[in-house]
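Topology and contacts: notes
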Amino acid sequence: MDELQDVQLTEIKPLLNDKNAARNFQDFDCQEHDIETAFGVVHVTMRGTPKGNRPVILTYHDIGLNHKSCLNAFFNFEDMQEITQHFAVCHVDAPGQQEGAPPFPSGYQYPSMDELAEMLPAVLTHLNLKSFIGIGLGAGAYVLSRCALSHPDLVEGLVLINVDPCAKGWIDWAASKFSGWTTNIVDIVLAHHFGHEELQANLDLIQTYRLHIAQDINQDNLQLFLTSYNSRRDLEIERPVLGINENTAKTLKCPALLVVGDNSPAVEAVVECNSRLDPTKTTLLKMADCGGLPQVVQPGKLTEAFKYFVQGMGYMPAASMTRLMRSRTHSSSSVGSGESIRSRSHTSNHGEGSAGTPDGIDLQDAPQTMEVSC
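Quick summary incoming for the structure in this document. The model shown is predicted, which means the values in this text are computed figures rather than measured ones.

Notes on the pattern of salt bridges
Between side chains of opposite charge, a pair can form when the charged atoms approach closely. With the rule as written, the count across this model stands at 11 salt bridges. The closest approach of N and O atoms between D114 and R146, which form a salt bridge, is 3.3 Å. Of the two residues, D114 is situated in helix α4 (residues 113–126) and R146 in helix α5 (residues 139–150); the sequence distance between them amounts to 32 residues. Judged by its relative accessible area of 21%, D114 falls in the partly exposed class. What makes R146 buried here is its relative accessible area of 3%. The salt bridge involving E236 is made with R233; its shortest N-O contact spans 3.7 Å. The partly exposed category is assigned to R233, whose relative accessible area is 37%.

Observations concerning the packing of aromatic side chains
All told, the structure shown has seven aromatic pairs when counted by the stated rule. Between F104 and Y108 the ring centres are 4.0 Å apart and the planes differ by 5°, which places this aromatic pair in the stacked class. Judged by relative accessible area, F104 falls into the partly exposed class, the value being 23%. The partly exposed category is assigned to Y108, whose relative accessible area is 27%. Ring plane angle 40° and centroid distance 6.1 Å describe the contact between Y110 and F225, whose orientation is recorded as tilted. Of the two residues, Y110 sits in the loop between β6 (89–93) and α4 while F225 sits in helix α10 (residues 219–230), which places them 115 residues apart along the sequence. Accessibility assignment for this pair places Y110 and F225 in one class, buried.

Some thoughts on the pairing of strand β5 (residues 56–60)
Counted residue by residue, β5 has five buried out of five residues, so it is predominantly covered. The two faces of β5 match: V56, L58 and Y60 on one face and I57 and T59 on the other face are all buried. Inspection of the sheet shows β5 paired to strand β7 (residues 132–137) by five bridges, in the parallel sense. Bridge pairing links I57 to I133 in β7. Note that β5 and β6 share four bridges and pair parallel. Each residue of the ladder has a partner; that of L58, found in β6, is C90.

Basis of the calculations
- Residues numbered from 1 in each chain as written.
- Predicted model: local features only at pLDDT ≥ 70, side-chain atom pairs only at ≥ 80, totals over all residues.
- Heavy atoms only, no water.
- Salt bridge = Lys/Arg side-chain N within 4 Å of Asp/Glu carboxyl O.
- Helix = DSSP H or I, 4+ residues; strand = E, 2+ residues; numbered from the N terminus.
- Buried < 20%, exposed > 50% of the residue type's maximum accessible area, 1.4 Å probe, protein only.
- Phe/Tyr/Trp six-rings, centres within 6.5 Å; stacked < 30°, edge-to-face > 60°.
- Pairing = 2+ DSSP bridges.

Interpretation in functional terms is not warranted from these geometric data alone.
The following block contains the structure:
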């Protein structure tokens, strides 16, 4: 039985309600770009100015959303400002999903998920950016993972929320086809984001996103993006095992923070992804009392986890860690490997003192993934 560290994080109220949803979706002090790539034009929003040789934070949203509705509430959250002081942010909208996007012409061939990933190097080149730390949700997490596998030199770290590394099985494909005939696309997208419990209990949040998906996203363009995601292929990653395949296993080379709410429909997929990644570079964060949009429902927890993740990569050594509280538990991992927040390959070896490690969190030398419940 492995000893795990259970890191407890306090929380404030969710970011969205009827009164502040519109404001939280807005961009502030941003520059927009339409960038031509080999697979079509992609809309990009830059926030802030790149800081020397530091990577930018590059985001990619999920289906039915765009960068505004998916991530602006999170990036406008007060505690995130400590992070964005140190990094420029590059929001990427999937083709045709940005606010006010025109419909594609009849017969337009939407890019595959692999092709969406191949757009990102062109985005970095156009903006004269060298590398990024990615934050992706659902379909966006898949795109960023695919980019990291193909271009590991461009990706310094990944925060993957609700990531599914698997291709859609034929039973799932048939079920989605059937549901597409019997259910409107808004309900299909909502079921992708939210579990049954959250659909029944969090009515204000659901209504906010129901209206956004129905009214602010071009429905034909959304159907193309959804079809592309449902046609994705397996990431074909496997966990490296010392003495067996550590030099040949195909997996993410960068540090990765996997995030999922305990009521999210993506729990099984995220656990599966965790089982395929390098345990010395991976953290799995499970959020209690949270469903499909942790960046909206639990912004304080995610901000603190992201801050710690970035510190583990050697950035922001002096950043405060106000919400982490010490709690030690004995448990066996539910995902086949003990997991703890330490596991960055170079977490505390940057000569930065102990700023990146909150008091009370012991760093273990044994290579193991970190599983954190909060």
